[in-house]
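# Coordinate inspection notes
Here is how the chains run, residue by residue.
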Amino acid sequence: MTGLQSRNADGSAYGRPPQHIDEELARVGPGTPCGELFRRYWHPIAEADKVTTRPQNVRILGEDLVLFRDKKGRAGLLYPRCMHRGTSLFYGKVEEEGIRCCYHGWLFGVDGQCLDQPCEPDHGRHRDVARQPWYPVEERYGLVFAYMGPPAKKPILPRYDILENLDPDERLECARTGGQTGDQSMPIAPYNWMHLNDNVMDPYHVWVLHSTFTGPQFAKEFAIPVQSVDFFAWEQGVCYSAVRELSDGRILDRVSSYIFPCIMSVPATRNLEDARSTRISWIVPIDDTHFTTFTAGKVKPRAPLFQNVDFAGKTWAEMTIEEHQDTPGDFEAQFGQGPISLHSEEHLATSDRGIVMMRRMLRQQIKVVAEGGDPLGVAFNADQATVKVPSGNFYRSRTAAE
Ligand code: FES
Ligand SMILES: [Fe+2]
């Protein structure tokens, strides 16, 4: 019996006990349990073509940093407060070899190495031991990834099989897909990363929120109730297989994947061809109450990476408050959970099995990290750093299914 029930047998809202967030999972700052787990993985922080010689502020996992590209083309990610007397490198100027602080001209390479101290004798006799705090970055799939964990534990930046080996008519595209509004109008979602992460293993909301409550926002097949849903752990996370029987007698098996710790591969949502998923989306916590997303995918002519979600003929940004109420989507449902959901007052039910599995996996891996081990999915050998993604929309005939 919950505290709420014991206090008020009639269900009155009066005298409710205080509720709380899941401290272990929700917080991602330095030194927090989940923050330390997340710091053992690479996270995308920007689209590569948006990283230029103009320094930009970025906030990732609760840390403020400055991102730039030096004139040799190398991306750099530095702690913003200059090690000399603390002004921000946001006001620095990028040169061939790094970024020069505006105040007294100390120059730092993309690895934080101090290369020049122009006001000091001999340009800084001890400049070689001066180092601005920095994080390593690598570029792949059109994105810049950062590793913000212990240097000795830096894994190989993973590859995903569905983003490799392009056909001649395919190309790879990436985008900052941002908040969950469906129209890229909100680069940063103003709520906790878990709200979207939980949504990844939630096939039932596809039927309710995206189909029957609002009217169809995605494929018409989603309005058919799922016949069975199987959640299963795989070597990189959790998957679900949601099976529907279509009116033409075929069986649609929709397989969606949660890739540990905060990555998803959701199969196509408009045109449900019999095919594997072609895209990966990363949920990137900005801090405890904000996140953004990046998506990379294989794109064919006339099949863009990103299509606006249609809300009764409007994009999300064009809608009135009343229209947000009448045709809510992922943003409304997840924003409606608050800045960080009060997990202690949740009532997880049988439809939440996948969420329970994901959270259990996160807790297990937090423990692995706390005990000095290497968490799920990190690879230190390039041969083992390609993830085989199970996602896709798969069809079979009814007889084959029996
Ligand atoms: S504060 Fe940066 S060089 Fe002095
Ligand atoms: Fe959704």
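Residues numbered from 1 in each chain as written. Chains lettered and ligands numbered in written order. Predicted model: local features only at pLDDT ≥ 70, side-chain atom pairs only at ≥ 80, totals over all residues. Heavy atoms only, no water.

The next point concerns the overall build of the chain. Summing up its helical and strand segments, the chain has nine helices and 22 strands in all. Computed over its C-alpha atoms, the radius of gyration of the chain comes to 23 Å, within 12% of the 21 Å expected for a compact globule of 402 residues. Counting over 402 residues, the chain shows a buried share of 51%. When the accessible surface of the chain is split by element, carbon and sulfur atoms take 52% of a total near 19200 Å². Of the side-chain charges in the chain, 44 are positive and 53 negative, and the distance between the mean point of each set is 4 Å. (Helix = DSSP H or I, 4+ residues; strand = E, 2+ residues; numbered from the N terminus. Rg over C-alpha atoms; globule rule 2.2 N^0.38 Å. Buried < 20%, exposed > 50% of the residue type's maximum accessible area, 1.4 Å probe, protein only. Areas by Shrake-Rupley, 256 points an atom, 1.4 Å probe, with all protein chains shown as cover. Lys, Arg positive; Asp, Glu negative; His and termini not counted. Charge placed at Lys NZ, Arg CZ, Asp CG, Glu CD.)

Attention now goes to the domain arrangement of the chain. What the domain assignment lists for the chain is domain 1 (46-138) and domain 2 (155-401). Computed over C-alpha atoms only, the centres of domain 1 and domain 2 are separated by 36 Å. Taken together, the seven residues of domain 1 in the interface contact nine residues of domain 2. With both sides pooled, the region where domain 1 packs onto domain 2 buries about 670 Å², and carbon together with sulfur makes up 61% of that total. Counting every contact that joins domain 1 to domain 2 gives one salt bridge. As a salt-bridge pair, D287 and R59 come within 2.9 Å of each other at their nearest N and O atoms. Connecting domain 1 to domain 2 are four residue pairs in polar contact (both at pLDDT 80 or more). Among the secondary structure elements, those contributing two or more residues to the side of domain 1 that touches domain 2 are β1 (42-47) and β2 (56-60). (Domains from an automatic or database assignment. Contact = heavy atoms within 4.5 Å. Buried area = accessible area lost by both parts, 1.4 Å probe. Salt bridge = Lys/Arg side-chain N within 4 Å of Asp/Glu carboxyl O. Polar contact = N/O pair within 3.5 Å; in protein donor to acceptor, adjacent residues only side chain to side chain.)

Turning our eyes to something else, we now look at the coordination of the iron ion (ligand 2). All of the protein donors around the iron ion (ligand 2) are H205 (NE2), H210 (NE2), D330 (OD) and D330 (OD); their distances to the metal are 2.1 to 2.4 Å. Given four donor atoms and angles of 56 to 149 degrees at the metal, the environment of the iron ion (ligand 2) is assigned as irregular. With a relative accessible area of 13%, D330 lands in the buried category. (Donors = N, O, S within 2.8 Å, 3.2 Å for Na, K, Ca; no water. Tetrahedral: all angles 85-135°; square planar, octahedral: opposite > 155°, others 65-115°.)

It is worth spelling out the sheet that holds strand β9 (residues 134-135) at this point. Pairing is antiparallel across the open sheet formed by four strands, whose spatial order is β2-β3-β4-β9. Lying at the two open borders of the sheet, with one neighbouring strand each, are β2 and β9. Relative to strand β4 (residues 75-78), strand β3 (residues 63-69) runs antiparallel, the two being bridged by four bridges. Following the sheet pairing, V66 is matched in β4 by L78. (Pairing = 2+ DSSP bridges.)

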